[in-house]
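Structure at a glance
Spelled out from the first residue to the last, the chains are:
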Amino acid sequence: MRRPAPILLCLCLAVLPSPLLAAGKSFSGDYSLSFLGIPVAKATFDSTYEGNSYVVNGRVSSAGLAAFFDDTRGTISSRGSFGEGRTRPRAFRADYVSGKVSSLVAVGFSGDRVTSTEVVPPPKKRGKTWIPLGANDLRGVADPIAATVIRAPSLDKVCGRTVRIYDGELRADLKLTEVSRKKMVVKGFEGDTVTCRMGFQPVSGYRTDKKALTFLRDRSRIMVTFAPLGETGVYAPIYATVSTEIGTITVKARRFEATN
């Protein structure tokens, strides 16, 4: 199984200051992922915010019909802090098994730079259409989990930003623009949310002839809805849709609640 497309994992990066988070606040969410209305994966994410630090741990597995054809399961984690008006990741790791094949992606950070990247199995040989990473492409980037941790002073400041994202191979920019607001109700949450449209622009670490990325850049409609995590000043995804060449992927929170 190929590594999950970063567009499905990463959504936004905080760039605005807010008061310190309340100490030791923890949250948990269960998510389902469906393709053309058919369940294909499920995930649980647990996060803790203390002072300016955050830790997020997730478990992901195939579900429904997809589990019969491709049994994939794994863990994903990120830790870092909030500072200088943005999220500052320190470490990201994703371990997963698809059938009998084990894979790993690990990224280390120091200051505002990526300091190490490990991908197992190693990427295949690059072709003539490959765009290599530039000298400054890995400065001020967020990993796929850090990119979902939005710290903002209010709901109206969640969108209106551009995210620099790196998933261990691909570097892309994600431009978020507010579309709408509405009240939502899921287990553990009832309240106001904001939906952002996300524009996708690959920068480097990709092949220019990859049709899926070309579609995401030029034709895809990517919508992400964020909800507040209590009174922490942090916002997380609660619903998202991504149109692809062959159909729409939907990610929906089934549970979204504080655990302490």
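For the structure itself, look to the data block above.
Please read all numbers here as calculations on a predicted model, not as lab measurements.

One pass over the full model with this rule turns up 11 salt bridges. Residues E169 and R126 are paired through a salt bridge, measuring 2.6 Å at the closest nitrogen-oxygen approach. With E169 in the loop between β10 (161–166) and β11 (171–186) and R126 in the loop between β7 (113–120) and β8 (130–131), this pair connects stretches of sequence that are 43 residues apart. Across the pair E178 and R181 runs a salt bridge whose closest N-O atoms are separated by 2.8 Å. Classification of E178 as partly exposed rests on a relative accessible area of 34%. By relative accessible area, R181 is classed as partly exposed at 43%. Salt bridges sharing common partners tie together D30, R255 and E257.

With that settled, consider the packing of aromatic side chains. Evaluated as defined, the whole model comprises four aromatic pairs. Here the aromatic rings of Y54 and F82 are separated by 5.5 Å at their centres, their planes lie at 50 degrees, and the arrangement is tilted. Separated by 28 residues along the polypeptide, Y54 in strand β3 (residues 53–62) and F82 in strand β4 (residues 72–83) bring together distant segments of the chain. Like F82, Y54 is buried. Note that R126 overlies the ring of W130, its terminal NZ or CZ placed 3.8 Å from the centroid.

Cut-offs used in this document
- Residues numbered from 1 in each chain as written.
- Predicted model: local features only at pLDDT ≥ 70, side-chain atom pairs only at ≥ 80, totals over all residues.
- Heavy atoms only, no water.
- Salt bridge = Lys/Arg side-chain N within 4 Å of Asp/Glu carboxyl O.
- Helix = DSSP H or I, 4+ residues; strand = E, 2+ residues; numbered from the N terminus.
- Buried < 20%, exposed > 50% of the residue type's maximum accessible area, 1.4 Å probe, protein only.
- Phe/Tyr/Trp six-rings, centres within 6.5 Å; stacked < 30°, edge-to-face > 60°.
- Lys NZ or Arg CZ within 6 Å of the ring centre and 35° of its normal.

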